[in-house]
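# Coordinates in review
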Amino acid sequence: MSSQTSPPRAVVADANVVLSALIGGRAREVFASPAGPQCFAAQAVAAEVAEHLPGLAAHRGLDAPLLLAALSVIPVDWQLSGIYEPGRAEAERRIGQRDPDDWPTVALALVLDLPIWSQDKDMRDAGITVYTTGELLDAIREAGTSPQ
């Protein structure tokens, strides 16, 4: 994370933070905070989350239909592939060797010129600023606005 004390104005959210928020992890505090960043994500991330939610819900004893409904209202500005596709080649060059499935998140961050919010350490290899949930929560607290 950079040395700034306020959270970034906007981030590109990776699937793992969206999943965390939906199942009650700390990421939900970032989404709930009025000082939290605006969140963008690739439509491919929504599809990935929707694919993993039923199994995760079953494993944790959670209500899968309720989680899928929550996915439809989580405060993320979902971006269609036409927005991030122009960044695909560069994103694949940057992250393809580590995790080729993450190219849409990296491409969207490149196209929108935004940092990434992720718990995935591989994202740091893409040469883009990456914030973890803990770093965003610290920045929100330092900015004087407590997460909900």
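Please refer to the structure higher up on the page.
Everything in this summary refers to the structure shown in the same document. Residue indices begin from 1 for each chain and proceed along its sequence in written order. Residue-level local features of this predicted model are given only where pLDDT is at least 70; pairs of side-chain atoms are given and counted only at 80 or more, and the full residue set underlies all totals for whole chains, interfaces and linings. Excluded from the side-chain calculation are hydrogens and water; included are all heavy atoms of the structure.

### A closer look at the nonpolar core
- In this structure, Val18, Leu22, Phe31, Val49, Ile74, Val106 and Trp117 are the most contacted members of the largest nonpolar core, which totals 45 residues.
- Elements are defined by DSSP. Helices are runs of H or I of four residues or more, strands are runs of E of two residues or more, and each kind is numbered from the N terminus. In terms of residue count, helix H1 (residues 15-22) provides more of this core than any other element does, 6 residues in total.
- Those residues in contact with isoleucine 74 that sit more than four places away from it in its chain are Val18, Ala21, Leu22 and Phe31. What is meant by a nonpolar core is a set of buried Ala, Val, Leu, Ile, Met, Phe, Trp, Tyr and Cys residues, joined one to another through side-chain atoms within 4.5 Å. Note on classification: 1.4 Å probe, protein chains only; a residue is buried when its accessible area is under 20% of the maximum for its type, exposed when over 50%, partly exposed between these limits. We call two residues in contact whenever any of their non-hydrogen atoms come within 4.5 Å of each other.

### Looking at the packing of aromatic side chains
- Ring pairs shown here join Phe, Tyr and Trp side chains whose ring centres sit within 6.5 Å, with only the six-membered ring taken for Trp; geometry is labelled stacked below 30 degrees between planes, edge-to-face above 60, and tilted in between. Enumeration over the complete set of coordinates arrives at 2 aromatic pairs.
- Between phenylalanine 31 and tryptophan 117 the ring centres are 5.0 Å apart and the planes differ by 50°, which places this aromatic pair in the tilted class. With phenylalanine 31 in helix H2 (residues 27-32) and tryptophan 117 in strand S4 (residues 116-117), this pair connects stretches of sequence that are 86 residues apart. Judged on exposure class, the residue phenylalanine 31 and its partner tryptophan 117 are both buried.
- Seen in terms of ring centroids, tyrosine 84 and tryptophan 103 are 5.8 Å apart; in terms of plane orientation they differ by 55°. Their pairing is tilted. Taken together, the residues tyrosine 84 in helix H5 (residues 81-84) and tryptophan 103 in helix H7 (residues 103-112) connect sequence positions 19 residues apart.

### Some points on the packing of helix H6 (residues 88-95) against H7
- Interaxial distance between H6 and H7 falls to 8 Å at its minimum, and their mutual angle equals 120°. The pairing of H6 with H7 is recorded here as oblique in orientation. In this structure, the crossing between H6 and H7 has a hand that is right-handed. Packed against H6, whose contacting residues are Arg88, Glu90, Ala91, Glu92, Arg94 and Ile95, the element H7 presents Trp103, Val106, Ala107 and Leu110 at the interface.
- Under the convention adopted here, Pro, Cys and the residues Ala, Val, Leu, Ile, Met, Phe, Trp and Tyr are nonpolar, Asp, Glu, Lys and Arg are charged, and Gly plus all remaining residues are polar. Of the residues contributing to the contact of H6 with H7, the split by class is 6 nonpolar, no polar and 4 charged. All axes here are fitted lines through C-alpha atoms, helices being fitted over the stretch that makes contact, and every angle between N-to-C directions spans 0 to 180 degrees. Relative orientations are named as follows: roughly parallel for angles under 35 degrees, roughly antiparallel for angles over 145 degrees, roughly perpendicular for angles from 65 to 115 degrees, and oblique for any other angle. Handedness of a crossing follows from how the near helix is turned relative to the far one, being left-handed for an anticlockwise turn of less than a right angle and right-handed for a clockwise one.

### Some words on the packing of H1 against helix H3 (residues 43-60)
- Taken N-terminus to C-terminus, the directions of H1 and H3 make an angle of 45°; their axes are 10 Å apart at the nearest point. Between H1 and H3, the interaxial angle falls into the category oblique. Here H1 and H3 pass one another in a crossing that is right-handed. Contacts between H1 and H3 involve Ala15, Val18, Leu19 and Leu22 from the former and Val45, Glu48, Val49, His52, Leu53 and Leu56 from the latter.
- Partitioned by chemical class, the residues of the contact of H1 with H3 number 8 nonpolar, 1 polar and 1 charged.

### Comments concerning the pattern of salt bridges
- For salt bridges, the criterion is a side-chain nitrogen of Lys or Arg within 4 Å of an Asp or Glu carboxyl oxygen. Tallied over the entire structure, the rule returns 7 salt bridges.
- Residues glutamate 135 and arginine 124 are paired through a salt bridge, measuring 3.6 Å at the closest nitrogen-oxygen approach. A residue pair is termed long-range when its members are at least 10 positions apart, and glutamate 135 in helix H8 (residues 133-142) and arginine 124 in the loop between S4 and strand S5 (130-131) qualify at 11 residues.
- The structure contains a network of salt bridges with shared partners spanning Glu29, Asp138 and Arg141.

Treat this as a map of the structure, not an account of what it does.
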